[in-house]
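The primary structure of each chain is shown beneath.
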Amino acid sequence: ELVMGSNPSYFTNATCYATRPVETVSYDMIRGSSEGAKWPSTNMVDATSFMGRIRAKTGLAFDLPTEAQWEYACRAGTTTALNSGKDLTWYLKDDSMNEVGRYRYNFPSGSEGYSGMSDLSAGTAAVGSYKPNSWGLYDMHGNVEEWCLDWYTSSLGTSSATDPKGPSSGSERVLRGGGFGATKAEKCRSASRGRGSAT
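Here we summarise the structure given alongside this text.

1. So, the pattern of salt bridges
By the definition in use, this model includes 9 salt bridges. Asp63 is paired through a salt bridge with Arg31; the nearest N and O atoms lie 2.8 Å apart. Of this pair, Asp63 sits in the loop between helix 2 (50–58) and helix 3 (67–75) while Arg31 sits in helix 1 (residues 27–31); the two residues are 32 residues apart in sequence, bridging distant segments of the chain. Using a relative accessible area of 24% as the deciding quantity, one classes Asp63 as partly exposed. The buried category is assigned to Arg31, whose relative accessible area is 0%. Salt bridges linked by common partners bring Glu67, Glu71, Arg75, Arg176 and Arg193 together as one network.

Now the structure itself:
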């Protein structure tokens, strides 16, 4: 909001608004729909995009991670389903998710419903509410899905590539980490992959 002048979030409860992550942000809002949409052929972003404004303020080439970089950062050296070192014992509801991130089945209120005026007992959790990974990164599982640079592809190819980049074009961008509305714990695993329209 301080960078862009507005906040597009669905959750607007004034008592906890400032502690929540920003959600309902499109890939195009972050990088731009002109120059920013051309990745991986160029690292340029639109000047009016979030990254464009951050780059202008800092002089640094900030950007989203590739899908491979995101998973590397999420895992923090682990090979388990969650970066806490634990695996899931059930794909739908799993107590192991309760320490690392918000998803549909661990709202403190016990309610699966929420509205834009929900307090922190439903919807997104306050940033940093759950245990970080061993590298100190919070909210890699659940809470809000995170955009990656790559175009989505169903096949990732060989696993021997180092920092692989996705395809040169596509129709949807990669989302990782799952979110507060994930209806299955497995959707929040380190390896779980999502996709969405850039707009």
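2. Structural notes on the packing of aromatic side chains
A full pass over the atoms with the stated rule returns 9 aromatic pairs. Seen from their ring centres, Tyr10 and Phe11 are 5.1 Å apart, and the 75° between their planes marks the pair as edge-to-face. For Tyr10, a relative accessible area of 41% puts it in the partly exposed group. Since its relative accessible area comes to 2%, Phe11 is described here as buried. With centroids separated by 5.9 Å and ring planes inclined at 75°, the aromatic side chains of Tyr103 and Tyr105 adopt a geometry described as edge-to-face.

3. A look at the state of the cysteines
All chains considered together, the criterion is met by 0 disulfides. There is no disulfide at Cys74, and the cysteine sulfur nearest it, in Cys188, is 10 Å away.

4. Some details on the sheet that holds strand 2 (residues 173–176)
If you trace the 3 strands from one edge of the open sheet to the other, you get 1-2-3, paired in antiparallel fashion. Edge positions in the sheet fall to strand 1 (146–151) and strand 3 (193–196), since each has one partner strand and no second. Adjacent strand axes in the sheet meet at a mean angle of 40° when their direction is disregarded. Where strand 2 lies against strand 3, 4 bridges are found, and the strand directions are antiparallel. Bridging across to strand 3, Arg176 finds its partner in Arg193.

5. Some thoughts on unusual backbone geometry
The residue after Trp39, namely Pro40, is reached through a cis peptide bond having omega 20°. Positive phi values are uncommon outside glycine, yet Thr24 reaches one of about 60°. Phi at Ala76 is positive, roughly 50°, even though this residue is not glycine. Residue position: Ala76 is located in the loop between helix 3 and strand 1.

6. Considering a nonpolar patch on the surface
On the surface, a cluster of nonpolar side chains totalling about 350 Å² of accessible area is made up of Tyr72, Trp135 and Leu137. In this fold, Tyr72 is placed in helix 3.

7. As for the nonpolar core
Judged by nonpolar contacts, Tyr27, Ile30, Trp39, Val45, Met51, Leu64, Trp147, Leu149, Leu175 and Ala198 together constitute the single largest core of 10 residues. If you list the elements that add at least two residues to this core, you get helix 1 and strand 1.

Conventions adopted
Residues numbered from 1 in each chain as written. Predicted model: local features only at pLDDT ≥ 70, side-chain atom pairs only at ≥ 80, totals over all residues. Heavy atoms only, no water. Salt bridge = Lys/Arg side-chain N within 4 Å of Asp/Glu carboxyl O. Helix = DSSP H or I, 4+ residues; strand = E, 2+ residues; numbered from the N terminus. Buried < 20%, exposed > 50% of the residue type's maximum accessible area, 1.4 Å probe, protein only. Phe/Tyr/Trp six-rings, centres within 6.5 Å; stacked < 30°, edge-to-face > 60°. Disulfide = S-S within 2.5 Å. Pairing = 2+ DSSP bridges. Axes fitted to C-alpha atoms, helices over the stretch in contact; angles between N-to-C directions. Patch = residues over 30% accessible without salt bridge, like charges linked within 9 Å, V, L, I, M, F, W, Y side chains within 5 Å. Areas by Shrake-Rupley, 256 points an atom, 1.4 Å probe, with all protein chains shown as cover. Core = buried A, V, L, I, M, F, W, Y, C linked by side-chain atoms within 4.5 Å.

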